[in-house]
Amino acid sequence: MAKLLVFVEQRDGKAKKSSFELIAAAAKAGHETHAVLIGASVSGLAGECAQYGAQAVHAVENASLDKYTSDAYAKALQGAIKALSPEIVLASHTPMGKDLMPYLSALCDAGLASDCTSLEFDGAKLKLKRPLYSGKATAEVEFLGGGLQLATIRPNAIGLPKPDTSKSATATALSVDVSGTKGKCLEVQKGASTRPDVTESSIVVSGGRSLKTAENFKILEELADAVQGAVGASRAAVDAGLRPHRDQVGQTGKVVAPQLYIAAGISGAIQHLAGMRTSKVIVAINSDPQAPIFQIADYAIVGDLFQVVPAITAEIKKL
Amino acid sequence: MNLLVCIKQVPDTETKIKLNGDSTGIDPAGIKWIVSPYDEFAIEEALRIKEKNAGSTVTVLSAGPDRVVDALRTALAMGADNAVHVELPESADSFMAAKALAGAIKKEAPAELIFFGKEAIDDGAAQVPQLVAGFLGLPGCTVVCGLEYGSGTVTAKREIEGGSFEKVELPLPAVIAAHKGLNEPRYATLPNIMKAKKKEVKAVKLADIGVSQADQKIKLKNLQLPPPKQAGKKIEGDAATQAKTLVDFLRNEAKVI
């Protein structure tokens with residue numbers, strides 16, 4: 001059993017579900033699981049942390065930590081590590097987690113395994129797997145030496161159990177000096193999109209260049225809305241200007257691992273497959289029966305996506 | 001202004017990956033090596049700053065085996081002035097690579113702005129820029145798709161989830177990791193490619209900067225190629241039938257909706 005600390009990521013007082021995946025998995029494996037909250041006013045999230053299995057919740061609160069910056073948050077988390085002496089620190093591999101943890105790795109002189117797709121333990125040692133070449137290969141990670149182990153885990157890779165709503169907790173304040181940090185977040189410009197991000201959604205509906213126009217993506221958006229999913233795109237579709245780069249799934253875009261990935265009109269170039277092949281269930285819809293995407297699809301539909309996709313949306317709405 | 005760009009040489013995205021004999025890495029035979037795509041945005045950004053600020057120099061730095069000198073020559077052909085190669089074993093992790101880069105920066109190329117690509121497309125760890133920032137005690141910002149230059153500061157537009165952005169002000173010196181959208185990288189011209197072949201590439205040994213194998217923190221082992229997937233179910237019929245069958249499978253067999 002290890003003493004384990006999970007960095008609970010929050011923006012505007014709302015915690016990321018993927019942080020709770022880590023708490024739940026660590027607690028289930030029998031580790032002494034501590035949650036650490038960082039921000040201006042975040043201790044209100046302590047109850048939720050406990051409901052997913054945190055034994056203790058700690059908060060580093062300071063007005064200067066209201067908005068995220070790498071050096072200040074790393075210093076705050078380093079302070080929590082000094083105070084609590086964990087053997088393992090986990091964070092989600094999100095835009096915040098992947099920016100924060102390497103900085104912390106340098107400050108703490110500790111090894112970091114990034115973007116892991118599984119979380120298991122061998123006693124007090126992490127047993128992790130991570131993709132290489134965007135999933136064209138996977139590797140096991142071994143920590144050398146006996147020091148602190150750091151890891152970021154890909155959102156959705158573990159899955160979220162139901163919270164135990166009978167539990168509650170109060171955060172213990174940790175006093176950490178975060179003065180003298182240099183980066184300053186001036187503002188967060190909110191995206192117009194209310195749609196979930198492809199990396200965070202448990203269902204992703206992606207389209208390729210055969211959608212032909214940006215307007216035609218509407219049929220994918222309608223399907224995504226029906227299942228509360230995100231809309232992704234192939235590099236070909238992004239290069240053709242049909243979707244913004246942030247929606248691109250693949251080796252030069254985002255790597256996703258949702259429960260369900262629906263590829264419509266995507267032929268399956270090697271660099272796209274690299275970005276989505278670890279999805280739990282893959283549905284491919286393509287008019288070309290020879291399209292490589294069918295080699296990794298669990299459910300294959302040869303047909304015209306302009307007819308099939310709206311029919312699926314209609315069918316789901318009946319549920 | 002001294003500008004530094006750290007680049008990594010990686011297999012081309014079209015490469016079909018094969019494993020080496022003991023499954024600790026990949027078989028390098030037949031691989032076409034390229035400059036990691038995000039690093040090209042970093043090189044381009046440094047060149048643009050240099051063009052606007054007379055007297056600036058752009059140094060490119062890469063850590064790795066001897067082959068990475070080719071990547072440095074690509075950057076020289078794009079317009080970089082100097083190149084530094086730090087030797088680093090193929091098996092080094094991000095921590096050791098960043099230690100080597102930070103050591104070489106201190107010794108050979110102190111800079112006001114240190115650029116990286118937001119991640120290399122081989123291991124995709126996205127660690128090295130912030131590790132180097134941490135080692136050098138500098139502010140760092142990653143996934144940067146816009147930059148404004150002030151006096152003694154730089155303001156970075158950093159992409160986060162859901163199409164949102166953080167605007168982060170960093171006092172110089174600072175570390176910036178570039179994302180697509182920051183600029184449109186130029187192509188090297190043939191005369192510049194020829195000239196780049198003759199430029200000196202300074203070599204730095206790990207021992208010169210106090211880095212050793214003991215700085216490696218993690219090791220990758222038992223690499224595996226993804227298992228071949230079993231043939232999926234082909235769903236026949238007209239569009240309405242296909243849709244009905246699929247939704248039934250997703251709900252009752254796969255249980256994902």
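Residues numbered from 1 in each chain as written. Chains lettered and ligands numbered in written order. Predicted model: local features only at pLDDT ≥ 70, side-chain atom pairs only at ≥ 80, totals over all residues.

Points about the overall build of chain B
Applied cut-off: Numbering of helices and strands runs from the N terminus, with a helix taken as a DSSP run of H or I at least four residues long and a strand as a DSSP run of E at least two residues long. Counting other C-beta atoms within 10 Å of a residue's C-beta gives its exposure: the residue is buried at 20 or more, exposed at 12 or fewer, and partly exposed in between, where C-beta atoms are placed from the backbone. We call two residues in contact when the distance between their C-beta atoms, placed using the backbone, is within 7 Å.
In terms of helices and strands, chain B carries six helices and 13 strands. Along the first, second and third principal axes, the C-alpha atoms of chain B reach 70 × 45 × 40 Å. In chain B, buried positions account for 49% of the 257 residues. Sequence separation of at least 24 residues holds for 70% of the intrachain contacts in chain B that already meet a minimum separation of 6.

What to know about the domain arrangement of chain A
Residue and element names in this part refer to chain A. Convention followed: Bear in mind that the domain bounds are from an automatic or database domain assignment. Residues are sorted three ways: Asp, Glu, Lys and Arg are charged, Ala, Val, Leu, Ile, Met, Phe, Trp, Tyr, Cys and Pro are nonpolar, and all the rest, Gly among them, are polar.
Domain assignment breaks chain A into domain 1 (3-173) and domain 2 (203-317). Distance from the C-alpha centre of domain 1 to the C-alpha centre of domain 2: 31 Å. On the domain 2 side, the residues contacting the nine residues of domain 1 number eight residues. Among the residues making up the side of domain 1 that touches domain 2, the classes are represented as three nonpolar, four polar and two charged.

With respect to the domain arrangement of chain B
When cut into domains, chain B gives domain 1 (2-215) and domain 2 (227-257). Taken over C-alpha atoms, the centre of domain 1 of chain B sits 45 Å from the centre of domain 2 of chain B.

Some details on the interface of chain A and chain B
In this complex, chain A contributes 74 residues to the contact, which on the side of chain B involves 68 residues. With eight residues, helix α4 (residues 95-108) of chain A is the single largest residue contributor to the side of chain A that touches chain B. Split into classes, the residues belonging to the side of chain A that touches chain B amount to 35 nonpolar, 21 polar and 18 charged.

Thoughts on the pairing of strand β1 (residues 3-8) of chain A
All names here are of chain A. Our working definition: Paired strands, as defined in this entry, are two strands with at least two bridges between them according to DSSP.
In terms of burial, β1 is a largely internal element, five of the six residues being buried. By the bridge criterion, six bridges tie β1 to strand β4 (residues 32-39) in an arrangement that is parallel. Across the sheet, the residue bridging to Leu 4 is Thr 33, located in β4. Relative to strand β6 (residues 88-92), β1 is paired through three bridges, and the arrangement is parallel. When the sheet's bridge partners are listed, Leu 5 is paired in β6 with Val 89.

Here's the deal with the sheet that holds strand β8 (residues 153-159) of chain B
Within a beta sheet, neighbouring strands are joined by backbone hydrogen bonds and run either parallel or antiparallel to one another. The test is simple: Between N-to-C directions, angles span 0 to 180 degrees; the directions come from axes that are lines fitted to C-alpha atoms, helices contributing only their stretch in contact.
One open sheet holds the ten strands; their spatial order is β13(A)-β9(B)-β8(B)-β7(B)-β10(B)-β6(B)-β1(B)-β4(B)-β5(B)-β11(B), and the pairing between them is mixed. The sheet is open, and its two borders are formed by β13 (184-189) of chain A together with β11 (201-204) of chain B, each paired with just one other strand. This sheet shows a mean twist of 35° between the axes of neighbouring strands, independent of strand direction. Sheet topology places strand β5 (residues 82-87) of chain B next to β11(B); four bridges connect them, and they run parallel. Note on β11(B): the bridge partner recorded for His85(B) is Ala203(B). Helix α2 (residues 68-78) of chain B contacts β1 (2-6), β4 (57-64), β5 and β11 of chain B of the sheet and is inclined by roughly 165° relative to β4(B).

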